[in-house]
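Report on the structure
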Amino acid sequence: MHKAIGHLVATGPFPVVFLVMVLLVASRSNLVYGIGRYGRLLTISGAEPASGPRRRVWLWANAGATQRAMDNIRRRGWIVISLSYLTVGIQTIVNVAAGVVGLSWPRYVLAAIPGWLAWALIYSTIGYAVWRAAVAAAAGSPVGIAVIATALAAAVAFLAVRRLRRSRRAHGASQDG
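Residues numbered from 1 in each chain as written. Predicted model: local features only at pLDDT ≥ 70, side-chain atom pairs only at ≥ 80, totals over all residues. Heavy atoms only, no water.

1. Considerations on the overall build of the protein chain
When you go through the protein chain residue by residue, the secondary structure sums to eight helices and zero strands. Walking the protein chain from its N terminus toward its C terminus, one meets helices and strands in the order α-α-α-α-α-α-α-α. Classification of the 177 residues of the protein chain by burial places 24% in the buried group. Restricting to contacts in the protein chain with at least 6 residues of sequence separation, those with at least 24 account for 66%. When the accessible surface of the protein chain is totalled, it reaches about 11800 Å², and 72% of it is carbon and sulfur. (Helix = DSSP H or I, 4+ residues; strand = E, 2+ residues; numbered from the N terminus. Buried < 20%, exposed > 50% of the residue type's maximum accessible area, 1.4 Å probe, protein only. Contact = heavy atoms within 4.5 Å. Areas by Shrake-Rupley, 256 points an atom, 1.4 Å probe, with all protein chains shown as cover.)

Here it is as structure tokens:
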């Protein structure tokens, strides 16, 4: 499927390519928004849980400062949603956050449409070609491969150290109690 889309983007007529890209970004972002809404349902909404991680999230989410921040996002977050499509790596966070704060789906879609159109325009023209060239250059060069491998190793090391620290804290807390 990914190869077929890549071929279409590289060779297809612009209106078709543009429409496919709009549908792809709209589908993806609505799915991510829905995950945020589901997360809200599981952790924030409803009665205070008795214990565990859900209780900590519920307490944080229902704190006064957090509620004020969420209200601010509900009122003014639409511009952030639109602009997030002009970034790399921020879109997912913004879309999940829109769901978590409880932004209504119609308001979310209205805020996202300009971003979808901008994203599709970028990726159906020069963006996709630049992305493929950068990935090919990085993967085809020994330095690029070394940079990718180093970044992956650093990410794995970071996650392992973080998990070890959490485990030690939890173990220390259980001995104190």
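2. Thoughts on the pattern of salt bridges
Counting across every chain of the model gives one salt bridge. Between Glu48 and Arg55 there is a salt bridge, with the nearest N and O atoms lying 2.9 Å from each other. (Salt bridge = Lys/Arg side-chain N within 4 Å of Asp/Glu carboxyl O.)

3. As for the confidence of the model for the protein chain
As a general rule, the predicted coordinates of low-pLDDT regions are not to be interpreted in detail. Mean pLDDT over the protein chain works out to 81, with 87% of the residues at or above the 70 mark. Mean pLDDT per element in the protein chain: helix H1 (residues 2-11) is the minimum at 61, and helix H2 (residues 14-43) is the maximum at 90. (pLDDT = per-residue confidence, 0-100.)

4. As for H2
Its 30 residues give H2 an end-to-end C-alpha distance of 43 Å, which sits within 8% of 44 Å, the value for a rise of 1.5 Å per residue. Within the span of H2, buried status applies to Val17, Met21, Val22, Val25, Ala26, Ser29, Val32, Tyr33, Gly36 and Arg40. (Expected span 1.5 Å × (residues − 1).)

5. A closer look at the side chain of Ser84
Tracing the backbone through its elements, the reader meets Ser84 in helix H5 (residues 78-84). A polar contact is formed between the side chain of Ser84 and the backbone oxygen of Ile81, at a distance of 2.8 Å. (Polar contact = N/O pair within 3.5 Å; in protein donor to acceptor, adjacent residues only side chain to side chain.)

6. Overview of the nonpolar core
Counting residues in each nonpolar core, the largest one holds 22 residues, and the members touching the most others are Ile81, Tyr85, Tyr108 and Trp116. Where this core is concerned, the elements lending two or more residues are H2, helix H6 (91-100) and helix H7 (105-140). Looking at which element gives the most residues to this core, the answer is H7, with seven residues. Setting aside its immediate chain neighbours within four residues, Ile81 contacts Val94, Ala98, Leu103, Tyr108, Ala111 and Ala112. (Core = buried A, V, L, I, M, F, W, Y, C linked by side-chain atoms within 4.5 Å.)

7. Considering the side chain of Gln91
Structurally, Gln91 is set in helix H6. Separated by 3.3 Å, the side chains of Gln91 and Arg28 make a polar contact. Setting aside residues no more than four positions away along its own chain, Gln91 makes contact with Arg28, Ser84, Tyr85 and Trp119.

8. Notes on H6
Three or more residues of H6 are buried, namely Gln91, Val94, Asn95, Ala98 and Gly99. Along H6, the residues classed as buried sweep out an arc of 140° about the axis, all on the same side. (Arc of directions from axis to C-beta.)

9. As for the environment of Leu31
Position of Leu31 among the secondary structure elements: in helix H2. Looking at Leu31, the relative accessible area reads 57%, which means it is exposed. Considering only alpha carbons, one finds Leu31 and Val96, 65 residues apart in sequence, at a separation of 9.1 Å.

10. Brief notes about a nonpolar patch on the surface
Together, Trp78, Ile79, Val80, Leu83, Leu86 and Ile122 make up a nonpolar patch on the protein surface, roughly 550 Å² of accessible area in all. Looking at the nonpolar patch element by element, the count peaks at four residues for H5. Relative to the helices and strands, Ile79 resides in helix H5. The exposure class assigned to Ile79 is partly exposed, which follows from its relative accessible area of 37%. (Patch = residues over 30% accessible without salt bridge, like charges linked within 9 Å, V, L, I, M, F, W, Y side chains within 5 Å.)

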